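Understanding the architecture of this molecule
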There are 2 protein chains.
Amino acid sequence: RVNLFIIGVGNVGATFIEQLNKQQSILNAKSHLDIQVVGLANSKNMYFNEDGISLSDWKPLLFGSEFPFSREGFMKTMKTFNLRNSVFIDNTDSPEIAALYQDCLNSSISVITPNKVACSSSYENYLNLKSTALKMGSKFLFETNVGAGLPIIGTLNEIVKSGDQINSIEAVLSGSLNFIFNNYDGKDSFGHIVSEAKRLGYTEPDPRIDLSGIDVKRKILILLRESGYHYEIEEVETIPFISEEIMKEEQNFIATLENNEEDFKQLIASAKKQNCRIKYVASFKEGKASTGIQYIPKDHPFYQLEGKDNIVLIHTDRYVDQPLVIKGAGAGAAVTASGIFADVLRFANK
Amino acid sequence: RVNLFIIGVGNVGATFIEQLNKQQSILNAKSHLDIQVVGLANSKNMYFNEDGISLSDWKPLLFGSEFPFSREGFMKTMKTFNLRNSVFIDNTDSPEIAALYQDCLNSSISVITPNKVACSSSYENYLNLKSTALKMGSKFLFETNVGAGLPIIGTLNEIVKSGDQINSIEAVLSGSLNFIFNNYDGKDSFGHIVSEAKRLGYTEPDPRIDLSGIDVKRKILILLRESGYHYEIEEVETIPFISEEIMKEEQNFIATLENNEEDFKQLIASAKKQNCRIKYVASFKEGKASTGIQYIPKDHPFYQLEGKDNIVLIHTDRYVDQPLVIKGAGAGAAVTASGIFADVLRFANK
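Heads up: these notes are all about the structure in this document. (Residues numbered from 1 in each chain as written. Chains lettered and ligands numbered in written order. Predicted model: local features only at pLDDT ≥ 70, side-chain atom pairs only at ≥ 80, totals over all residues. Heavy atoms only, no water.)

Let's talk about helix H7 (residues 153-161) of chain B
Residue and element names in this part refer to chain B. All buried positions along H7 are accounted for by Ile 153, Thr 155, Leu 156 and Ile 159. Down the axis, H7 shows its buried residues gathered within 160 degrees of arc, on one side only. Summarising the contacts, the buried residues of H7 are in contact with strand S8 (166-172), helix H11 (214-226), strand S12 (309-316) and strand S13 (324-329). Once H7 finishes, Gly 163 follows within two positions and takes phi at roughly 90 degrees, a positive value. (Buried < 20%, exposed > 50% of the residue type's maximum accessible area, 1.4 Å probe, protein only. Helix = DSSP H or I, 4+ residues; strand = E, 2+ residues; numbered from the N terminus. Arc of directions from axis to C-beta. Contact = heavy atoms within 4.5 Å.)

Quick look at the structure:
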């Protein structure tokens, strides 16, 4: 039996609960796995049931719960329950929740999360979490930090543990930037496409976060660390494609983009002239990690990357001539929840 | 501590031992994993050491061993040792060795193998092995049955267990057929390319086994079963591209291919006329599984498949618009041994 404590029941969290609700009895019958949710929280409430919360009506139970959420209260209850095979699932993007992992792992409570904060923090903190997990026999799993449900981190782990050496990584890891560059062809203005991406919920509420490439930077950092390399976020070079001046605009950001449309038009014109498409690429080559836009020619595997797809090309000592490639939807609630589910199954397999 | 009993020390087996030899101390230090080889066999000899065989000189130990190999002797020793976390690794392609799995799993000895015989045998046998493993708490792992070290089967398993539904699979799974069709452009004869592939060791000693597509048929069957579908090998339709008459030729096969060069020339000419390349494709769509050659247009992901690369496209309820794609070297000792290593790590994780 596996006991889950879940914080964060937004899009991803709610979808995960729905997926688990459908699979609970099947996993029990087919794989002798009894996976129960014993704790649930959002930013307002929390709700616990040691015997397992009924997943058909978790919403009224949580939203109507008399217990207001507090991090201390949640931690205390997890420890008081003291159940074997306890797992803390963090579906938030909050640094405050990520700050609880160390205490969880130390208390033999495993941690599963799509939240990138911990793994892209200082290398020391990242390493501490990993070694605490190892020492305590708990698990720290975060496959969904990069590429949602795509099996990228697990594959890197296996490659490294089997003694192979990761020599280069080339990847497109941002669904929002992909959408923007796939749709910007010079007809509609760049500013318009960005506001469209924002309207559709493909970017953060502040689209500058996407356009700055910080999210991609965090992702390639995590891939490097999982490949066995010791890097800090500052060591990932970012070549900005929007001037610092424009990025400073908080209120009038879209309008300022519009005012600078000529620059973006030139960018796309020069790409077209070379028969290329523009992609926002994260790369690691000869010890140098960087992120930025690149002109991608027709015969390159990145050229035909549609929609929210992510792609990773990995060259190793054993994948020499052609890379190992993993590609597919890299964002969205269903595939992210799937990836969390896969981590729960990996935990359950131990 | 994990205890391995290895049968088959050819190309793949020897490479696996070499990889393990390099990683043993690292895994011990970094992951608290002590992986020892306690039994080794080829078709002539077998050698055992309960404390772990020194992997730097396994060759003289095995080749100079006084114990002649017998299946009964090997099984008996495994059982007599009665070690916790015992794993039987079958690196052969022998049906006789595959026939031992049931007994292993029943004795709580896990099985890891690139040998496709068991999983492509009758569905009943396949299911028996899986349910024996589940019942006994042993593991039956065969990631390398399809695509060598590529994470295909593990990914299918996670997809299915998380409640997603696999709706279609399209794949190129044969390194040898890929080599043949990549190199046949109508200049050199088809027969010449086949004999060249044979000379380079890319085909079986009898290349008709590759050209018949039986190997691909077995692989797609295994993918279907791992996707949760109940299929027998006869239910996978094969559309032959070489006439039965030619395939009957055992002694003069290459010469007979040469005599029929006109047919193959027509095949390639008609593909070229449509700006297509020929690939040997395994597919599963709307409940129908089939294998055969297909004309692949330029914008299809199979078009630029080089060397020994395999590729799998998976459409599911959650990967709808674009498929989940896994691509990379699908044959070769180093990547196959890597895949076996990954299975050993999966076993060790439990």
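Quick word on the pattern of salt bridges
A side chain with one charge may pair with a side chain of the opposite charge, provided their charged atoms come close. Per the stated rule, a full pass over the model turns up 24 salt bridges over all chains. With its nearest N and O atoms 3.9 Å apart, the salt bridge here joins A:Asp185 to A:Lys187. What makes A:Asp185 partly exposed here is its relative accessible area of 32%. Linking A:Arg208 and A:Asp206 is a salt bridge whose minimum nitrogen-to-oxygen distance equals 2.9 Å. Overlapping salt bridges, with partners in common, bring together A:Glu143, A:Asp343, A:Arg346 and B:Glu158 in one network. (Salt bridge = Lys/Arg side-chain N within 4 Å of Asp/Glu carboxyl O.)

Quick word on the packing of helix H8 (residues 175-183) of chain A against helix H9 (residues 190-199) of chain A
Residue and element names in this part refer to chain A. Relative to each other, H8 and H9 sit at 140 degrees, their axes nearing to 10 Å. Taken together, the axis directions place H8 and H9 in an arrangement best described as oblique. Of the two possible hands of crossing, H8 and H9 adopt the one that is right-handed. Between H8, through Phe 179, Ile 180, Phe 181 and Asn 183, and H9, the contact on the second element is made entirely by Phe 190, Ile 193, Val 194 and Ala 197. (Axes fitted to C-alpha atoms, helices over the stretch in contact; angles between N-to-C directions. Parallel < 35°, antiparallel > 145°, perpendicular 65-115°, else oblique. Left-handed = near helix turned anticlockwise from the far one by under 90°.)

Focus: the interface of chain A and chain B
Often, the extent of an interface is quoted as the loss of accessible area upon association of its parts. Contacts between chain A and chain B engage 42 residues on the former and 41 residues on the latter. In total, about 3,400 Å² of surface goes out of reach between chain A and chain B, with carbon and sulfur atoms giving 55% of it. Broken down residue by residue, the surface that chain A buries against chain B is led by A:Lys161, A:Arg318 and A:Tyr319, which jointly contribute 18%. Along the contact surface separating chain A from chain B lie 2 salt bridges. B:Glu158 is the salt-bridge partner of A:Arg346, the closest N and O atoms lying 2.7 Å from each other. In this structure, the connection of chain A to chain B is made through 14 residue pairs in polar contact (both at pLDDT 80 or more). Secondary-structure elements contributing two or more residues to the side of chain A that touches chain B are helix H1 (11-31), helix H7 (153-161), strand S13 (324-329) and helix H15 (333-349) of chain A. (Buried area = accessible area lost by both parts, 1.4 Å probe. Polar contact = N/O pair within 3.5 Å; in protein donor to acceptor, adjacent residues only side chain to side chain.)

Thoughts on the sheet that holds strand S5 (residues 86-90) of chain A
Residue and element names in this part refer to chain A. The 7 strands are arranged S4-S3-S2-S1-S5-S6-S7 in an open sheet whose pairing can be described as mixed. Pairing within the sheet leaves two strands with one partner each, and these edge strands are strand S4 (67-68) and strand S7 (140-141). Its contacts with the sheet place H1 against strand S1 (2-7), strand S2 (35-41) and S5, and it is angled at close to 155 degrees to S2. Docked against the sheet, H15 engages S1, S2, S5, strand S6 (110-112) and S7, running at close to 155 degrees with respect to S6. (Pairing = 2+ DSSP bridges.)

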